[in-house]
Amino acid sequence: MGAKTQILLVAALLSGQAQAADIVTAREHPAFWLWSGVKASDALQEAQTVYLHQGEVLARPNEVVFQRLGLPVSRLTFPSIWLTVRFTTLEVPPAIVPRIVRLMQRWQAAGNQVVGLQVDFDAATHQLTDYARFLRALRQQLPPEFSLGVTGLLDWAKTGDVATLNALAVDELVIQSYQGRHTVENYQAYLPALSRLRIPFKLGLVQDGKRDVQAEAQLQRSPWYRGTVVFMLNPARGQAFALR
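Bear in mind that the values here come from a model prediction, so they are computed numbers and not experimental data. (Residues numbered from 1 in each chain as written. Predicted model: local features only at pLDDT ≥ 70, side-chain atom pairs only at ≥ 80, totals over all residues. Heavy atoms only, no water.)

Chemist: Got a minute to help me understand the layout of surface pockets in this structure?
Modeler: Summary: where empty space remains is shown by rolling a probe the size of a single water molecule over the atoms. Approximately 380 Å³ is the volume found for the largest pocket. Every residue lining the largest pocket is counted, 17 residues in all, and those nearest its centre are D122, L153, Q176, Y178 and Q179. If you list the elements that add at least two residues to the lining of the largest pocket, you get β6 (147–153) and β8 (178–179). Grouping the constituent residues of the lining of the largest pocket by class yields 8 nonpolar, 4 polar and 5 charged. (1 Å grid on protein atoms, 1.4 Å probe; cavity = no way out; pocket = protein on both sides within 12 Å on 5 of 7 lines; lining within 4 Å. Points joined across faces, edges and corners; volume = space filled by probe spheres on them. Helix = DSSP H or I, 4+ residues; strand = E, 2+ residues; numbered from the N terminus. Nonpolar A, V, L, I, M, F, W, Y, C, P; charged D, E, K, R; others polar.)

Chemist: Teacher, can you tell me more about the packing of aromatic side chains here?
Modeler: By convention here, two paired aromatic rings are described through the distance between centres and the angle between planes. Evaluated as defined, the whole model comprises 11 aromatic pairs. Centre to centre, the rings of F87 and F134 are 5.8 Å apart; their planes meet at 70°, and the pair counts as edge-to-face. Within this pair, whereas F87 is found in strand β4 (residues 80–87), its partner F134 is found in helix α3 (residues 128–141), the two being separated by 47 residues in sequence. Neither residue differs from the other here; F87 and F134 are each classed as buried. Summarising the aromatic geometry, the rings of F121 and Y131 are spaced 5.3 Å apart at their centres and angled 50° between planes, so their arrangement reads as tilted. A residue pair is termed long-range when its members are at least 10 positions apart, and F121 in the loop between β5 (114–120) and α3 and Y131 in helix α3 qualify at 10 residues. Taken as a pair, F121 and Y131 share a single burial class, namely buried. (Phe/Tyr/Trp six-rings, centres within 6.5 Å; stacked < 30°, edge-to-face > 60°. Buried < 20%, exposed > 50% of the residue type's maximum accessible area, 1.4 Å probe, protein only.)

Right, here's the structure in full:
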C-alpha cells in the first residue's frame, strides 16, 4: 500500500469516526427516557437509570385528570428508575399528587429502586417564577424518601433568570436539546449558559439525533453536571425495528 493510499485511508477512518461521534448512539449513555408506546431495545441492557413515562396530568374542559400510561407496575432490572409524569397544567387538584405518590410506592414495593418523580412541563421562560412556586408546593407533598426532578428547556438558562433556576426546589434538572424526534438546531449555542447552574443537571439527547461532542465536553467543567439522558424512539414509519 502506497503512502498516499495510507493517508487517504486514515483520513477516511477519521472522518467516519467524526461522523459517528456526531450521532447519539444510545448504548454509549447511562440513562434513558422510556416513553409510553416506545419499545425497549437491548440498548437499555446496560442502563443505570431509566425515566419511565407513567402518565399525564391533562386539563380537560371541565376538569383536570391524571391519565395513567406506560408500563404496568413490575419488577425491572434497572438499578434505579424515576417515574416521569407529563403535566399540561399547573392547576392541579389536591387528589392527583397523592395518586402519583401511591403509584411510586407501588413501583417501590415491587422491588425497584425508585429515585423519585420527574415532572415534564414545558414552562415558558417568563413563567419560571410561577413554576418555581408550583414545585415548592409539590415538593411538600412528596414523601422525604423520593427526590423531585424536572425537565427543562434550552432557553431557560440562556435568557431566563438563573437565580430562579438555582432556587428551584428540585434535586435534578434535565435540559432537553431536542423537540420531537429531532435535535434543536444549533443547540450547542445554549450550552455555555448551563455553566451558571448551581443545581445538579443533565443534558437530554434524542436517540439517533445530532450532537456536538466537543461542546458537550465543556459541561464536564461544571461540578453540577451529571451526564446525559437519551430519549428513546421507535423506528420511523416504514423502517424495521431492530434490536441494537
